[in-house]
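For reference, the chains in residue letters:
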Amino acid sequence: MNHTDAETRAVKDAAQAGQRGDWAHTPERSNMLALRFICLMALVCGRRVTRLLLPPISLYFLLFAPAPRRHIKRYLFRAIGPHAGWIDGYRLLHAFASTVLDRVYFLRGRMDLFDVKVEGNQALEAEALKGRGAFLLGAHVGSFEAMGACRHNSQHKHDLRLAMLMYPDNAQRITAILNAISLPGLRPHVIALGRPHSMLALRDWLDGGGLGGMLVDRTLPGSEDQPAQQRGNNIVLPFLGHPASFNDGPFRLAALLRRKVFFMAGLYGGGARYDVQFDLLADFSERASDPAERERRIRAAVEAYVVRLDALCRAYPYNWFNFHDFWLEDSV
């Protein structure tokens, strides 16, 4: 499908105006009492019984959350095709609810409840063992906590230390509850985005051999007092057949700190199955010969990321949990 220059300019203008950041300011649709009840059910009654709550929860949000439902419909039309219907929206929400519930068990170390297949972790472990650390760039696909299986299955568990670089302010309630139930050593260390010291904290973590994980399929609202490497530039690329804006800030950080970049995904396969995948996206270990070469390598890395995300969304359409105006169609 061809798109006009006007469509592309609209995406660029909206992204540059910060409209992509509306998700970061959207109040979480969470009730503290309900969240506590679900977590209590998960710990007391077990996974099998608690999963009985997921169908009514998924149906409720499908029926009574019109804005997310509109964005889900647009996404599924592009990932699956125009035949996508209500049942597909329900399957997507049920998969999302399942991964949220399973966080409880992953953070309690209950790997025995799951059938987890890990691929591509050897190269990642080798990089961590060198004491240099690496970037893990993912998306709101599947479960980030499922990637703890890599550490669980590793022969060098003490060397795989993960920090999550994230914007925590829009999910404070569920984060607080999950933090409270996590066992020591199983919850990733968090380096908050949007702080002046974020880049320095990440550098120190990587220099100690740690891994830095980010979900980079959302463009954060920037401010002029942030370092340029954190703000980055918005690049418009084809994604699921339509132009979309992606930020190259995380890739600039990787180039600045001269690290390898891996794509990460903990894909939910239904029931108790997760497929954890790691793929090398870019290697910034060697310094670029000149600024033009550095820009070319950063651009190539962003393009490789988008191609990988596009392929995953088509192969696992019920795993992308980005219920926002991703293509800025509400803004045009």
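Up top you'll find the structure we're talking about.
Predicted, not measured: the structure shown is a model, and the values here were computed from it. (Residues numbered from 1 in each chain as written. Predicted model: local features only at pLDDT ≥ 70, side-chain atom pairs only at ≥ 80, totals over all residues. Heavy atoms only, no water.)

1. Concerning a nonpolar patch on the surface
Phase 1 of the analysis: Taken together, the side chains of Leu59, Tyr60, Leu63, Phe64 and Trp86 define a hydrophobic patch exposed on the protein surface, amounting to about 560 Å² of accessible area.
Phase 2 of the analysis: Residue contributions to the nonpolar patch peak at four residues, all from helix H5 (residues 54-64). (Patch = residues over 30% accessible without salt bridge, like charges linked within 9 Å, V, L, I, M, F, W, Y side chains within 5 Å. Areas by Shrake-Rupley, 256 points an atom, 1.4 Å probe, with all protein chains shown as cover. Salt bridge = Lys/Arg side-chain N within 4 Å of Asp/Glu carboxyl O. Helix = DSSP H or I, 4+ residues; strand = E, 2+ residues; numbered from the N terminus.)

2. Structural notes on the packing of aromatic side chains
How two aromatic rings sit relative to each other is given by the distance of their centres and the angle of their planes.
Phase 1 of the analysis: Summed over the entire model, instances satisfying the criterion amount to 21 aromatic pairs.
Phase 2 of the analysis: Aromatic pair Phe239 and Trp327: ring centres 5.7 Å apart, planes at 15 degrees, arrangement stacked. Separated by 88 residues along the polypeptide, Phe239 in strand E6 (residues 234-239) and Trp327 in the segment after helix H14 (291-315) bring together distant segments of the chain.
Phase 3 of the analysis: The class for Trp327 is buried, based on a relative accessible area of 6%.
Phase 4 of the analysis: Three or more aromatic residues link up through ring pairs in this structure, and these residues are Tyr75, Phe239, Phe246, Phe251, Phe263, Tyr305, Trp320, Phe326 and Trp327.
Phase 5 of the analysis: The residue whose ring lies beneath Arg78 is Trp327, and the NZ or CZ to ring-centre distance is 4.5 Å.
Phase 6 of the analysis: Of note, Arg161 hangs over the ring of Trp205, and the distance from its end group to the ring centre comes to 4.6 Å. (Phe/Tyr/Trp six-rings, centres within 6.5 Å; stacked < 30°, edge-to-face > 60°. Buried < 20%, exposed > 50% of the residue type's maximum accessible area, 1.4 Å probe, protein only. Lys NZ or Arg CZ within 6 Å of the ring centre and 35° of its normal.)

3. Focus: the packing of H5 against helix H7 (residues 86-107)
Phase 1 of the analysis: Packing of H5 against H7 brings their axes to within 9 Å, and their N-to-C directions diverge by 125 degrees. The orientation of H5 with respect to H7, classified from their angle, is oblique. Here H5 runs over H7; the crossing is right-handed. Between H5 and H7, the residues in contact are Leu54, Pro55, Ser58, Leu59, Phe61, Leu62 and Leu63 and Trp86, Gly89, Tyr90, Leu93, His94, Ala97, Ser98 and Leu101, respectively.
Phase 2 of the analysis: Taken together, the residues that form the contact of H5 with H7 break down as eleven nonpolar, four polar and no charged. (Axes fitted to C-alpha atoms, helices over the stretch in contact; angles between N-to-C directions. Parallel < 35°, antiparallel > 145°, perpendicular 65-115°, else oblique. Left-handed = near helix turned anticlockwise from the far one by under 90°. Contact = heavy atoms within 4.5 Å. Nonpolar A, V, L, I, M, F, W, Y, C, P; charged D, E, K, R; others polar.)

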